Each structure stands twice: as C-alpha cells, then as structure tokens.
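So you can see what is in the structure, the chains are spelled out below.
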Amino acid sequence: MQRFSALSLIRHSLGGHLGWQPQWRSPEPKAEYDAVIVGAGGHGLGAAYYLAKEHGMRNIAVLEKGWLGGGNTGRNTTIIRSNYLYDESAALYDHALKLWENLSRELNYNVMFSQRGVMMLAHTVHDVQIFKRHVHANRANGVDNEWLTAEQAKEFCPPLHIGPGLRYPVLGAALQRRGGTARHDAVAWGYARAADALGVDIIQNCEVTAIRRGTAGAVEAVETSRGAIRTRKIGVSAAGNTSVVMAMAGLRMPLESYPLQALVSEPVKPMFPCVAMSNTIHAYISQSDKGELVIGAGMDAYVSYSQHGALHIPAQTLEAICELFPMFRRMRMLRNWGGIVDVTPDRSPILAKTEVAGLYVNCGWGTGGFKATPGAAHLLAWTIAKDEPHPINAPFTIERFRDGVVIDEAAAAAVSH
Amino acid sequence: MSANFRTAEDGRIDRSRPLGFRFDERSYQGFPGDTLASALLANGVHLVGRSFKYHRPRGILSAGADEPNALVAVRRDEARYTPNLRATQVELYQGLSAESQNRSPSLAFDIGAVNDRLSRFFPAGFYYKTFMWPRKAWERWYEPWIRAMAGLGRAPTLPDPDRYANRFAHCDVLVVGAGPAGLAAALSAAEAGARVILCDEQAEFGGSLLAESDATIEGKPAATWLAETVALLALKPRVTLLPRTTAFGYFAYNMVGLAERLTEHLAEPDPALPRERLWQVRAREVVLAAGAIERPLVFPGNDRPGVMLADATRTYLNRYGVKCGSRAVVVTAHDAAYRAALELHRAGVAIAAIADLRTAANGPLPEAARAAGLPVRPATTITGTGGRLRVTAASLAPLAAESDRRGAEPLTCDLVLMSGGFTPSVHLFSQSRGKLRFDGELAAYVPGHSVQQERSAGACRGVFGLAAALADGAAAGEAAARAAGFSAARARSFACHASGFGTGGIRSVLPNAHGAKAFVDFQNDVTADDLVLATREGFHSIEHVKRYTTTGMATDQGKTSNMNALGIVSEALGKPIPEIGLTTFRMPYTPVSFGILAGPSRDELFDPVRTTPIHDWATAHGAVFEDVGQWKRARYFPAPGEDMERAVARECRAVRQSTGIFDASTLGKIEVVGPDAVEFMNRIYVNAWSRLGAGRCRYGLVLREDGFIADDGVVGRLAENRFHVTTTTGGATRVLAQMEDYLQTEWPELEVWLTSVTEQWAVIAVQGPRSRAVLEGLVEGIDIASRAMPHMSVAEGRIRGVPTRLFRVSYTGELGFEVNVPADYGRAVWEEIFEAGQPHGITPYGTETMHVLRAEKGYIVVGQETDGTATPDDVGLTWAVGKTKPDFVGKRSLARPAMRAPGRKQLVGLLTEDPHFLLEEGAQILAAPNQKAPTKPLGHVTSSYRSATLGRTIALAMIAGGRDRMGEMLYVTTAERPVPAKVTSPVFYDPEGARLDAA
Ligand SMILES: Cc1cc2nc3c(=O)[nH]c(=O)nc-3n(C[C@H](O)[C@H](O)[C@H](O)COP(=O)(O)OP(=O)(O)OC[C@H]3O[C@@H](n4cnc5c(N)ncnc54)[C@H](O)[C@@H]3O)c2cc1C
C-alpha cells in the first residue's frame, strides 16, 4: 500500500500526481473464499479488514451489489456518540468510539473524525428526566456525558434559540464532548484501501442473489450476479437489505425497513460548532467541513424499500430546525436524499451467529449505525473468525426477541406521560 | 466611475427609471428588468466572486439558474441577509445592496488565493491523505483552517422576520417552463378547457424568446407574440400563471413542489406579503418544458472573469441591452456561438476570432459569420487565457499542432465566448423516476421511459430550435389535455420564422488541456486532471468520482459540469459514456429556502397548542405551565413570592389536610361501546372485566405485544355495554391506535365501537378529606355518601344542572372525586366548585403536586417508573393481571423465561440517609459507595421529591431484585460522590389506605 502523508503528497505533487496507485483493485471473483462478506458498506469493509489484520484470514471477499460505500454509509448524517442508556449499548458504542479516536492513523486515511461534541436538547420535564438518567448511567459506565443548563447549551452552540417564545423551550441538554462527526466516504474508502492491501478482494457490481446450504444445513456458497462463489463463512452486513439477503438462507429477521431522509444546505462559513439533536421535535444538525449544514430528517411512517422520499418529511424537519435556529430560514436546501434503514423492535442492533452454521449477521443499526462502524466491523470479524461472539456483542443476539431480553433504547427515549 | 456597456436602445429593461444599487460598497446604476448580473456587466464589472477551494477570481458565466460562479450575498438588513444567491437570478431594485463572498480582505485582493499558488499540493482528495498526525492536530488546526477556507457566504445571524406561505393546488395540466415549448403546451391545454398551471423560475415568461432578436411567430416579432400569448393565457379563468416560481421537486403520484418568490424583487415589500410561497401541486398531467443548459468548454484558464457561455452573452445583449465586452474571442464546438458572435458584432463588439473545434465549420450560421466578415478558424482550439481579475487575452492554436502550447497565438480581448453545445435539462424528469436514455446522435441523456403522468417537450428532450420547440410543446399540451380527459384538445400550429439552431457539441476536455487548470466544476474548483486522478486512484464508478473530486456537488449541482465530467471519465476509463452511468438527480432543482419548507410553522404555530377549558382560569391564577405532548398543563400555582418548592409544599398540605382542585382534563378518554365491549376490554387489558359491575371502576393496565407496560388508567363501567376508559395524557392516541389496530385487523368479528372523547369531557379532580363536603351541595341526582358511592365507583347525574359523570377515584391517596362534565361547561363547573370550596380552603394544584402525592403513595407514572422494559410484576402490579383469562395482549410474552427471571428490576422506595438530600431523577444506584467507572449499576431513581407531608425527601427507584433488598443500604450517584439511601417499600404514606375514606 502506498503510504499517505504530507510528504508523499508533496513528492507526488512534484510528479504531477501521475504516480498515485489505485486505492483498491477491481479483481475478478475467485471460485472460493474462506469468508465472504455481503455488503461493502463501512461495516462490511471494516469486518474484512479486521478479519485480515487481526485474525489472519487473507482469502476474503466483500461482495457489493453497487459501488462500495454507496449504501447508508454514504448517505448518513455522520453523527457519532456513545452515550446510550443501557450498559450493553454503552459498551458497544464506546468500543466503537475508542476505535474512531485512532482510526485515521490505523488506516493511514484521514477519516476526519472531529470530536466537536454532540448535544441532545431537552424540551420537557420528561426529557430532562430521561437525559439526566443517561448522564448518570453513562458516567457509571465510564462514558462521558454531562448536563448543561439552557444557557450553557446556548453558550456551547451560539445559534441555538432557547426561548422565550419557543413552542418547546430548551430546558437543558446532555453533552457528550467525545462525540462528533466523521467523513463518511473516507471511512468506506479507508477501510477498502486497507483491506485491499491485506489481500481482501472487494468485488463491486456483484449482487448476492442466493445462499446455498449443504445437506447438514451449513452454508456452502453464494450465488451472485457474477457467478457462484464457494465459502464456508458468510457475514451479512447489508443494512436496509438484510431481510432480503437473510431470506436467501431461509431466515426471517425481526426487522422492518424504512426510508430515512437527510438534507444539506448550501455551504456557509463556519458558525455551527457542534452537533445538536432534538429527539422531541426531530432535528439533527451539524456543519460539515465544506460548510454545509447537514440535517437529518425523519423516518417515513411506513415500511418501504424506496429511497424516494416525500416532501413533508424534510419540510417537518426544517420546521424544527427553523424553530431552534430562526436565523436559518433564509438558508437554502441544496440536496435531499434518502436511505433504507433496518429497524429492530428494540432499536438495538443484531450482531450475532445465526442458527445456520457459517452464517453471521450484523444488522438492525437502523438510523444510527454509522457511529458504530469500526466497532461493529471489529466485532463482526471476531464473531466470524471465532464462531462465537465477543463479550461486547454477546447480548445482541436474534434470540433476545424470542426470550424477552431486549435492550430497548427506543423505550428509553420515546415514551411520554 | 466604471465604463458603460449598455447598448443605445433595445432590450426589455425600462430605461426611463434608473435604479441605484451597491455592490461591495460601490454604487452603480441599472434599470428595472435588470438582474444584478446584467447591471454589473453593464457597468463593466466582471469580477464578482471567488471560487470555493482555490479562491480564484470569478466572473459571470451564464445568465440563469445554471450559474456556478457569480454567487453573492444580498443584504436588506442583518435579519434579511441571504448568502449564496446567483447574481444572474437576483432582480434589481432601487437600493439593492449586494456583497461578494469567500474573500478576505477584499474581492480584488484575497489572501485565500495562496491556495491557488499552492494548488499543485491540493489535488482532488488531498485531505484524505494527510493531516493525520499528531492525533489532535486535525481538530486543532487543520480542520479549522479547511473550514475557514471553505464555505462560500456566511449565514445570517438574526432571526428572519419574513413570513412564508404554503398552499395546495390541483390542476389538470401543470406546465413547467414558459419558454416557447411551455407556452405552446399551456395554450393547447388551456384551449381544450383544462385547468392549467404554468410556472417559470424567471421574472418574465418567455424563456429563450426573451433573448430573441429577429424571429417572428404568426407573422409577428417574437416579443409581440410573447406579450399577446401571455395576455391571452392570463385572461383564461382556468389558467394560473406563476412567474418567479421554480418547480424544484417531482414527487410520487404527480405531486410537484413549486417555490414562488413574492417579494424578493421589491425595493420596499409590503410587510403583509409573504416572502415566498410553497405550492404543492397535484397534477393530473405534467408537461416538462425546462429547456437546455449550455456547456462550457474545458480548457486552461476557462474560469477567468470575462470567459462566458456564448448564448448567455446573447441574452445579456438582447434582453438586457448589455454588451459583455468590447473585443471577443469565440471558441466553440456548436453553431449556436456563431449566432452570438453575429449579434454581438452587429451591436459593435469586435470579434477577434471564432475558433471552431470542428474540422469544418459549415452550415448556415458559420456561413453567415463568414459573410459578415468574421474571422472563422476551423480546427482551432484555445490553449489558455491571460489576465488576472479579468481576461485580457486568449491563445488559439491549430488543432493539428499537437500539444504545442507555446506555438499558440495570443489574441488580445476582454471577453471569451465559449460553447460546448447544450445539455437537455432532465432534472425533473429524472426526479419523477423516469428512465433516462442516452441519445447517441445528440450525445446527450434525454427522457426515456416515463413512470408518472408526464411528458417532456422542447429542448429538455433534445428538440432544439424555435419552430421545433413550439410544435413539440403544442403537441405535448394537446396530449396532456387529452390524457387528463379533454378529448377535444388539439395542437395549435404556429407559423414561425427563425434562424436555425445549428448543431455540434463536445463533452470533454479540449485537446492540450491536461496538466493545466482546466476547470470542469467551476464553483468547487474541480479540474479535468482531478477527474483523471480519481480514475487513476481506482475511483471508477461515477458516484465515486463525484464524491472524491466533489464535481457536481456545488450549489449548482453540476448543471454546467456533469456532462463534461462524464465525458472526461469516459475517456480516462476508455468506456463509452452510457457505460459510465449517471449520478442521481436529487431534489431540489435549485436551492430552496428553509423558510419556504418550514412555512408558517413557527413558535405558537410550530405545533398546535392544546389547552383545557380551565386553561384561562389557571393563567389568571398565576399558574406556571409545562408541556406534556401538545398540551399545556398547569404545573403549580405559586402565590406571590413563592418558588416551585414552596408552592408545591403548600399545595400538597392543602390536599392532605383539606381539599385541592386539579385540572385533569388532558387525560385521554375513550368510550368503548358495543355488545362485545367487555370481551374486547378483556383482550386489550391485563385486567378481568367480566365481573366488574356497572357503576364500578377499576385501575386498568395495557401491555404491548412484547409484554411490557404500554399505558394505564382508570376505567369505569357505565353500563353492561359501555366503558369509559381513561389513559395517560401522552398515551391517548397510542392506546386508541393499538385498540383500533387489534379491532380492525385481529378481531374484526367483535362488535365494538371506539370513540376518542378526550376533548368532550373536562375533568376536575377534587381531592382531600373535605372533597365530599365541597361537592355535596353541588351534585344533583347522585348520592355521594360513602356507602352509596364507595371508592372506585362512577355515577351519572348533574352539577348545577350540567350533566356529569362523577367518578370516586383517587390518585392522591385521599378521599377524592373526578368530576367529568362536557368541555363547554368545564370552566363554569370548575368555578362553581372552587366557589363552593372556599369555606374549606380549597386550593388549586398542578401536575407537580399531583406527582408528589402519587409518589408518596407509590403509584407509578407510565413513562417515568416504566420505560418500555417493565412488566406488571416489575412495578408491583401483578394483582391487576387477570389470572384466569385465556388471553390478552402481551400475555404470551409475559410467559417468556426472561420476563420472570430473578434479578429483574423492581419498583421500590428509597430513603436517603440525609432526609433533606434530594436525589436526582435518573441517578444510578450502586451496591458500594466507591465503585469506580466503568461499573454496572443496579438500577436508577425514577421519581424524587420533597414530601411536605413526611417532612423529608422520598424517591422511587427500579432496582435489580429490589423487593428482596428491603432495608439494604445502597448508594446513589450525584454530581459529586454517591450518597447512601435505604431500600424501602414504595408506599410511604398511609399504606393501609385508610385515608381513602377519611372525611
Ligand atoms: C439519512 C440517514 C442518516 C443517518 N444518520 C446517521 C447518523 O447521523 N449517525 C449514525 O450513526 N448513523 C446514521 N445513519 C445510519 C447509518 O448510515 C447506518 O446504520 C450505517 O451506515 C450502516 O452501515 P453498513 O455498512 O451496515 O450499511 P451500508 O453502508 O448500507 O452497506 C450495506 C451494503 O450492502 C449492499 N448490499 C445489499 N444487498 C446486497 C446484496 N444482495 N448483494 C451485495 N450487496 C448488497 C448495499 O448495496 C450496501 O452497499 C443514517 C442513515 C440514513 C439513511
């Protein structure tokens, strides 16, 4: 792998940049791999990287039906935080956050991880109770999170309108300073380049169309739009399409897929220093390095595989944004898009072995799996390599829904009295 | 002052009314009808902005929505400051004040331009390759530096005071674009009687007709025909004309979003007018007549101010009466540029040369140019331009002389016209999910298969030239009207005389342009070399190239650059364009303000405010309110000088000692009626209802399918077949939805009807030992004596003549009643009761006191004690669950092992060792005082209050195995160190329930 650095950049500049090599190859699929990952999002590419790097598996392929990073990895609003409520979740997301903190150097690719702080706004007495519970629980779990008064929140994020006059005044906020954003494409590309350098075949425009199981039930091969590929281990990391892929192995997943939209404004000079989120009135906003306001909109009310969103969803989001930041009314929406997110009943992911031997699944990250990328990838690799979960992902089984051992992050946020 | 480039006459500007305006602190003059761009050009100003990355000086490239360079901020005042507007779209008004952007200290001298000098170190994607060491340096230095350099304009800093309106509309035929094709389509459809909406993003209808110099339609000059046609359409009552209106998004089921700008062009807008209006139009049929966009040529120095699209200079000349320079070099691969050259020549602009990239320049337009004596040079390319803030020279070289740039001949000029041909505007078609088709002959993507009720007409589907566009538009209008049910529709035909449109085009970089700054995406400073670098580095999908180089991602969304980028990538990869693929066309077509989408929603109107009939009374009595869902609820009623703590203590004492009055109207209420009502209730609730007699009440508990508590509330059985169900305030819609869901999808055989009656009843809780005494004199037709009306009963009667459902229930632990009266009488009855209570010291109390009182009794609040993971047993409500019922929602889930596993969190009380220390709700509970993080807490505090009655603080908590820990000392987190607290029963007050009957 060509090392990237300021020096190499200067050296290649003098050569007119003619000497740069491809960041990854475009190999033809082989007849057989030791492991196949379905889905070249950040999670899948990362899993291949850690399989190669930490578990010594080199004969690996990542199969991608489109272009790598073109799924939710390249469509999300890149909010990264780990201040989840339950012990199991906090451990999982903080595992990821710790990997984020060194990811650029690990991959020799600047993923622009920027710990600018994620602030979650409380608008009702109920919100205050919930967020304070998060603050206390996170601290006990060793995850940073602090409570801000409304005035402190405004100081941290000067454009914020805290009232009076606000329909739902800001009563305070929970701030995770280690939270922030990263450049989503760079995460996919960085993992792809590093995995490729370790010999991983990344095969794009290669859709998995069937999973073949042997007489004993274990997986034997995948069929793809580019032919059949034999393998004993399949890791499915297909986000919004997981149900479809898992059905190929005869498994029905406890998932529903919904369109989720996002939008950006035209770029402006830096003025929004952090990430601000309001669950209660549905607004998620930060400013990218380019200067665009990056805004997360809501989920459609109905399940669908269409990435085509309806206008009322971004409109409602902008209502909330303009309410909290009334000086943004004259800002303009530049681009709006959607992605399909896979949602579990308890809003926590599934990262587990399945009842089919050799089939592993990483899914259910719903609206919030970008932040987990390095962690999910790392744990999926572990689970595939060892055929058993790492203690951190051990609670995130499929069976928890059957058994009632849920990790209900949604309930922790959404119930009002 | 600056030179005057205005023609002596002609153009559509009103020369009789000069308008003063400012750009960057200098004053200029223009006329009504001008855009900021045309007015600046008339004053000889080309330098208007700086590019995004290299901060290169930039001018005005185009005359419309495709403009990538001329971005300015317009400032009415600080609250009405709008960044990133295209000068080509800003209409001039008296006093307009505009500023250039992305430069410091000034437009002419911008420090950021060092980036341009160092640009070789900043190729596409450079930031992915460096800035990684040391760890914190990215956030401390590099990122702030990159951010400061990027970003174009600045955001406004004050709240926007303007209003935005919103309306919905239906029509038979929506026509997008009022150029010749769109006008002809609208005419055909309107004459067939269809309801038509015609919109155009420009201030005036006409599109390309506005720049027409010599064409005639129906024997009249184009301008005359245009005026008459617009007047004719305006007279038709079923036609709506919307100028200054951009169709920005095409959604499912033929819904098109239009953004209408109402005041932006006015010097002093009427404050009553909204600034913009959002139209959401549901059209039977849509005709897209959005025209085409001219492509720039990709050559070194193609971004210098004064290098312009050829057809745009015609627009400036004919529409605005502006000559864009005095001496022009023309470079083209399309005949259209000859037309521009000819017309500029006629207006007195010297044409130094016309370099045609094609080996032969034939056809009527080149011939006409030759005939006019213009120096036409076929097989000639441009190898560079000179000048700093404005082009001063252009170097031409014969195509044959391979790669020898030095042999090029520099021609002095102050204007370069370029044309790479035209790209059909297929944005909306693509947004409609229609499939694009690559037309090999046109070498362009054009609309292919439609998936919605729409058709394209004119240049946006590759039909070029005036006569062809008129005919195509008329046919599309006819077809649309027919499809919408107007079978008599017929297409008009137009006698039209116009010069030909010509042919030609190129979509790629010009020869000899690699290795120099030949821009493809002007705004984002993406060069041809950047695109090739991306392909070299393995970015082969066009989406990868776009994201790696940022081509097509600027505020113009690649309108002028996408085709050239495709061409360059196609050459670099050696694959034909259609195999490269296409990036997705995303909403919106051009940027739309946040304000127009947010619409009238702000402050009070952001979300409906729900108030109870007693709200105004509470306001008058000084209540402090809290938001609960959309409701405003009185939280406490401070007496003068009281804070919340003292007010609540007083209110609590009043209820415990005498009587309090509380507005419970926000409680959800559902009337469940029908022969199967009791069966339905048995299935929805965990409780058994069959043996509950009419006139009796019961505390009901609803689970979700997964066995966790969803809601609770008292249910009264009014009659055999009729239940009055109450829910929590926030749970009202959820419970009704869950009920309807089951009734309609699982048990359609049950004869039950559900009606939300939340707003029909005002609910007045009268609680406390004196409550019966207060009500006694008011209630008619109900014996409220304890024997006749025991705890948990309901009866119907009247209060002062008002029909009443009287519940004897208590959420306070005291003797109490809840008076339900029709909402319209709520306030009157409240005041009657309040009046009658005066001798007893009746005290209004709010939700905070309600919470303290219920917590003293250990009563849960769903959503506070429970969080969606609690079973009935967890919160000590096993007694409510019907043991012998065959089924109820959640029953099967409750049988799962984990739901009965030991060690589940259970509801308990907590008493701090220090009786005055108030725990924080949400605080975590630890087994030992000095457990270090990371650690696993045992549970958390759910409720915590100061109890005036008990003279100390109390708390409720959910603790693992809590009921087996009675008496244990545990440790509760605080902002500082954990404090000790003892586990107790959750019932702190009157555990025997004696007070329910104490009077
Ligand atoms: C609008 C939006 C905003 C979001 N905002 C945030 C946020 O702020 N913070 C956050 O943490 N998360 C956010 N998310 C969620 C986050 O994007 C995802 O959880 C995460 O990126 C998932 O990564 P992944 O690698 O698993 O999936 P993806 O990147 O979607 O990768 C899955 C890949 O599988 C491929 N695939 C599917 N089926 C097949 C097949 N049969 N054969 C081959 N390949 C296949 C797909 O093409 C895709 O490339 C957001 C999501 C959206 C849509």
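On a predicted model such as this, the values are computed, not experimentally measured, just so you know. (Residues numbered from 1 in each chain as written. Chains lettered and ligands numbered in written order. Predicted model: local features only at pLDDT ≥ 70, side-chain atom pairs only at ≥ 80, totals over all residues.)

**Considering the overall build of chain A**
Then, in step 1: For chain A, the count of helices and strands is twelve helices and 19 strands.
Then, in step 2: With respect to the three principal axes, the spread of C-alpha positions in chain A is 65 × 65 × 40 Å.
Then, in step 3: For chain A, the residues scored as buried account for 66% of the 417 residues in total.
Then, in step 4: Taking all contacts inside chain A whose residues are at least 6 apart in sequence as the whole, residues at least 24 apart take part in 74%. (Helix = DSSP H or I, 4+ residues; strand = E, 2+ residues; numbered from the N terminus. Buried ≥ 20, exposed ≤ 12 C-beta atoms within 10 Å, placed from the backbone. Contact = placed C-beta atoms within 7 Å.)

**Digging into the interface of chain A and chain B**
Then, in step 1: Each side of the interface is counted separately: chain A has 84 residues, and chain B has 97 residues.
Then, in step 2: Going through the elements one at a time, helix 1 (6-14), helix 4 (103-107), helix 5 (125-140), helix 7 (184-197), helix 9 (312-324), strand 17 (332-343) and helix 12 (411-414) of chain A are the ones with two or more residues in the side of chain A that touches chain B.
Then, in step 3: Of the residues contributing to the side of chain A that touches chain B, the split by class is 40 nonpolar, 25 polar and 19 charged.
Then, in step 4: The pairing of strand 17 of chain A with strand 32 (residues 592-593) of chain B spans two bridges and is antiparallel. Directly across from R332 of chain A, in strand 32 of chain B, lies its bridge partner S593 of chain B. (Nonpolar A, V, L, I, M, F, W, Y, C, P; charged D, E, K, R; others polar. Pairing = 2+ DSSP bridges.)

**What about unusual backbone geometry?**
Residue and element names in this part refer to chain B.
Then, in step 1: S104 connects to P105 through a cis peptide bond whose omega is 0°.
Then, in step 2: With respect to the element layout, P105 can be found in the loop between strand 7 (96-99) and helix 2 (114-117).
Then, in step 3: In this structure, P588 follows M587 across a cis peptide bond, with omega equal to -5°.
Then, in step 4: With a phi close to 65°, F131 is a non-glycine residue in the positive phi region.
Then, in step 5: Mapped onto the elements, F131 comes out in the loop between helix 3 (126-129) and helix 4 (137-149).

**Structural notes on the site of the ligand**
Residues and elements named next belong to chain A.
Then, in step 1: Looking at the ligand, there are 39 residues lining it, with G39, G41, G71, G339 and G369 nearest.
Then, in step 2: At the level of secondary structure, the elements contributing two or more residues to the shell around the ligand comprise helix 2 (42-55), strand 13 (256-265) and strand 17.
Then, in step 3: Residues belonging to the shell around the ligand are distributed by class as follows: 13 nonpolar, 21 polar and five charged.
Then, in step 4: Each of domain 1 (26-78 + 184-254 + 346-414) and domain 2 (114-178 + 256-343) accounts for three or more of the residues forming the shell around the ligand. (Near = placed C-beta within 6 Å. Domains from an automatic or database assignment.)

**Points about the pairing of strand 8 (residues 164-176) of chain B**
One face of the sheet, then the other: side chains in a regular strand alternate in exactly this way.
All names here are of chain B.
Then, in step 1: In the sheet, strand 8 pairs with strand 15 (residues 276-288) via twelve bridges, with the strands oriented parallel. Residue pairing in the sheet places Y164 in a bridge with E276 of strand 15.
Then, in step 2: Note: strand 8 against strand 9 (residues 196-199), four bridges, orientation parallel. Considered in strand 9, the bridge of V175 is made with L198.

**Observations regarding helix 2 of chain A**
Residues and elements named next belong to chain A.
Then, in step 1: With 14 residues, helix 2 should cover 20 Å at 1.5 Å per step; its first-to-last C-alpha distance of 18 Å lies within 8% of that length.
Then, in step 2: Across the 14 residues that make up helix 2, a large majority, eleven, are buried.
Then, in step 3: When helix 2 is considered as a whole, its buried residues turn out to be G42, H43, G44, L45, G46, A47, A48, Y49, Y50, L51 and A52.
Then, in step 4: Where helix 2 is buried, its residues meet strand 1 (35-38), strand 2 (60-63), helix 7, strand 12 (234-236), strand 19 (359-363) and helix 10 (373-386).
Then, in step 5: The positive-phi residue at the C-terminal boundary of helix 2 is G56, with phi of around 65°. (Expected span 1.5 Å × (residues − 1).)

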